[in-house]
Amino acid sequence: MKNWSIIAEGFHKEDVTKHESIYSLGNGAMGMRANFEEDYTGNTLQGSYIGGVYYPDKTKVGWWKNGYPEYFAKVLNAPSWIGLHIKINGEVLDLNTCTEVKNFRRELNMKEGWYERQFTVTLPNGAQIAVKALRLLSLRYDELGALRYEITPLSSEVTVEIESYLDSGVKNNDANWDELFWNTLEVEAAANNAHILAATKKTDFKVLTFMQNKLFVEGKALEVSSKQNKKDSYIGLQYQVALKKNQTFKIEKYGGYKTLSSPDAPQPSYAALLSTTDAFESLLKMQKEDWAAIWELSDIQIEGDDKAQQAIRFNIFQLNQTYSGKHAHLNIGPKGFTGEKYGGSTYWDTEAYCLPFYMATKGAEVARNLLMYRYNQLDKAIENAKKLGFTGGAALYPMVTMNGEECHNEWEITFEEIHRNGAIAFAIYNYVRYTGDEAYIKDYGLEVLVAIARFWAQRASFSAEKQKYVILGVTGPNEYENNVNNNFYTNYIAQWCLRYAAEQVEVFKREAIAQEELQQWLHIAQNMYFPYSEKYGVYLQQDGFLDKDLKPASAIPAKERPLNQHWSWDRILRSPYIKQADTLQGFYFFRNHFTHEELRKHYEFYEPFTVHESSLSPCVHSVLAAALDKKEEAYALYLRTSRLDLDDYNKEVHEGLHITSMAGTWLSIVEGFGGMHVVDNQLHFKPCLPAHWRSLSFKVIFRGQLHVCKFVN
Ligand code: BGC
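Residues numbered from 1 in each chain as written. Predicted model: local features only at pLDDT ≥ 70, side-chain atom pairs only at ≥ 80, totals over all residues. Heavy atoms only, no water.

1. Observations regarding the packing of helix H6 (residues 364-375) against helix H9 (residues 419-435)
Interhelical geometry of H6 versus H9 gives an angle of 160° and a closest axis separation of 11 Å. Our classification of the angle between H6 and H9 gives roughly antiparallel. As for the relative orientation of H6 and H9, their crossing is left-handed in sense. Contacts between H6 and H9 involve Ala364, Ala367, Arg368, Leu371 and Arg374 from the first element and Ile424, Ala427, Ile428, Tyr431 and Thr435 from the second. Taken together, the residues of the contact of H6 with H9 break down into seven nonpolar, one polar and two charged. (Axes fitted to C-alpha atoms, helices over the stretch in contact; angles between N-to-C directions. Helix = DSSP H or I, 4+ residues; strand = E, 2+ residues; numbered from the N terminus. Parallel < 35°, antiparallel > 145°, perpendicular 65-115°, else oblique. Left-handed = near helix turned anticlockwise from the far one by under 90°. Contact = heavy atoms within 4.5 Å. Nonpolar A, V, L, I, M, F, W, Y, C, P; charged D, E, K, R; others polar.)

2. Details of the pattern of salt bridges
This structure, assessed with the given rule, holds 35 salt bridges. A salt bridge links arginine 105 to glutamate 107, with the nearest nitrogen and oxygen atoms 3.0 Å apart. According to the relative accessible area criterion, arginine 105 is partly exposed, its value standing at 22%. A residue is classified by how much of its surface remains accessible, and glutamate 107, at 10% relative accessible area, is buried. Between arginine 600 and glutamate 597 there is a salt bridge, with the nearest N and O atoms lying 2.4 Å from each other. Residue arginine 600 and its partner glutamate 597 are located together in helix H15 (residues 596-606), separated by three residues, close to a single helical turn. Among the residues examined, glutamate 597 registers a relative accessible area of 38% and is labelled partly exposed. Here the salt bridges share partners, and the residues they tie into one network are Glu37, Glu38, Arg117 and Arg135. (Salt bridge = Lys/Arg side-chain N within 4 Å of Asp/Glu carboxyl O. Buried < 20%, exposed > 50% of the residue type's maximum accessible area, 1.4 Å probe, protein only.)

3. Describing the UniProt feature "active site" (unreviewed entry) in the protein chain
Under the feature "active site" (unreviewed entry), the UniProt entry names Glu479. Within the secondary structure, glutamate 479 sits in the loop between strand E23 (468-470) and helix H11 (488-507). The residues contacting glutamate 479, other than those within four sequence positions of it, are Met399, Ile413, Glu417, Trp569, Lys579 and Gln580. (UniProt positions renumbered as here; feature names shortened; annotations may be inferred.)

4. Quick notes on the domain arrangement of the protein chain
Considered domain by domain, the protein chain is made up of domain 1 (9-262), domain 2 (300-362 + 629-712) and domain 3 (365-396 + 405-547). Taken over C-alpha atoms, the centre of domain 1 sits 45 Å from the centre of domain 3. The interface is formed by ten residues belonging to domain 1 together with ten residues belonging to domain 3. In this assembly, domain 1 packs against domain 3 so that about 840 Å² is buried in total across both faces, 64% of it on carbon and sulfur atoms. Of all residues in domain 1, Tyr68, Pro69 and Tyr71 give up the largest surface area on contact with domain 3, accounting jointly for 51% of the area buried on that side. Scanning the region where domain 1 abuts domain 3 turns up two residue pairs in polar contact (both at pLDDT 80 or more). Taken together, the residues of the side of domain 1 that touches domain 3 break down into six nonpolar, three polar and one charged. (Domains from an automatic or database assignment. Buried area = accessible area lost by both parts, 1.4 Å probe. Polar contact = N/O pair within 3.5 Å; in protein donor to acceptor, adjacent residues only side chain to side chain.)

5. A few points about the sheet that holds strand E18 (residues 227-231)
The five strands are arranged E8-E7-E13-E19-E18 in an open sheet whose pairing can be described as antiparallel. Every other strand in the sheet has two partners, leaving strand E8 (91-92) and E18 as the edge strands with one partner each. Here strand E13 (residues 158-167) runs beside strand E19 (residues 234-243); their pairing, made up of ten bridges, is antiparallel. Bridge pairing in E19 places threonine 159 opposite alanine 242. (Pairing = 2+ DSSP bridges.)

Below is the structure:
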């Protein structure tokens, strides 16, 4: 199926962890890396994750600083339900020790939402078998997953011993203190069913991990009884089957998680479905239907470029695996359900990058859930600001959070990357402009805008020297600079927030907010300072940017890239190299505030220094390059963003996928090559297709109406 599948052929041990990330599955409520079902003694990162279930790992830092959060929230590696210990004629099946592995093939079928792995092996004892394993995480019943594992002996009859298990004795690789995060409360089994009830330490999320096994030989249900292997945090159900040459044994395993402490309404029951003999086929059929409905709205078609086509589908697929919009308490972690890094927490990525994708492909309700997530956490954001010394209802949203509390503790990020507050306000504006849902501001958004404006009004300080308001000691989106003064992007978004909040207070006549306070916001906004270079005709990323040794990034030897893996942090900080769009992030958000010529000048000034070592960077530059009609550059940047994980540009895909930047990939197609933008409540397009694309088609929901767009070269 062309461009609908990701396929890898051949078994290479060095690719296992990388492919565990790429072939990950998720259904918005849970997800898992593509770990093997059978034992594997080679290098692997075991990972199953449940949305919203986290552990507050006690902060570990060299020097404690006042104001640091007490913990760093970790998305938990959850009890595993996919595992099968398999022995063939008494020998453990382990691809790391097999004498020969042939016909190894993985396929991620994005159209239908399943993952399959096949191989034939010779074990050290000489037994030869073929294996085919297919699994899915159901979209319809998002507590449920299913796998089908088939074994066929190829050279002689064999005895298969199989132990299908649940294991809650799992660890996080990134645990600060090497502790286990789960307490196992109950381990139970009966016939072919078993469950483990476990609770997270400290947070007390109670999760029931369950399994049900069905066995077949040559398609006929097998009535064998299981033996139990029960331990403190483990339950295995053992079966033994004798197989003739070429006879196929199949185990179907149904499993998943019920989060007993979830704020969600009870989920639809699938008990009856599981009691039918063709439960697996039924689930597969539903999966195809549910993915077909998603693709119906969100597919993007690019004629004339298979690489670009496959890549955008991979990105859209992963975004839908990560966030379904069904659960208001969930959000979008930068790695989704594909790895531990970034703790599965919420970052500014959601508002700055992800919102437009969900708004246009799923509609206003889902996008509203994302905004409500922040609204519901406003009290915590006010508390967070209070801890840092702000008063009067000022809110500072956390840079990283699970429940509204800040849970990141590097001072330059926690205290300084305050621009995140701006993105949260901008998302409200963006949502209302796109969906037309003005009531959102009246009912919820205004409270957030006011609290954010109060923060900026206190965070900006008056410089007697400049006779302007300045914002000191910040880190902009470019994390390769810390503690800078007057970061253009931060000052600009602060100015915009102050004005927008004041305007909305007037529109909705909130008399409780005193006129003097509004006047003060407008006064600060009016007198905000922006560093500017007359010589280059550009705003400077921050005070003193021109003092740097301004050699373009092209002067850095290839073997020294990425810089963060080769240079000392000190050297990076002193260099002019920009990790990700910073000043240009401002130009992206506020394109209509600047002329085409201003955009061109800024793009041409900053792009040569930008090393794009954040996955969130090339997409923004790609959109701007397309707006400037720089087709080739826009295309190169698009490939970099869309194939970042598939082609492992930053050599880190083994840690997990870059989910939030995948929404950026969508932006680079729809807002970049499609040129979509909203002016005066109307949707406009200014297409700029790469020369070799025959056509580009996509659909967007705008103000409740579906628009079908096709651009032809
Ligand atoms: C980026 C941040 C981003 C975070 C999570 C970092 O590398 O610099 O802007 O929020 O990754 O994606």
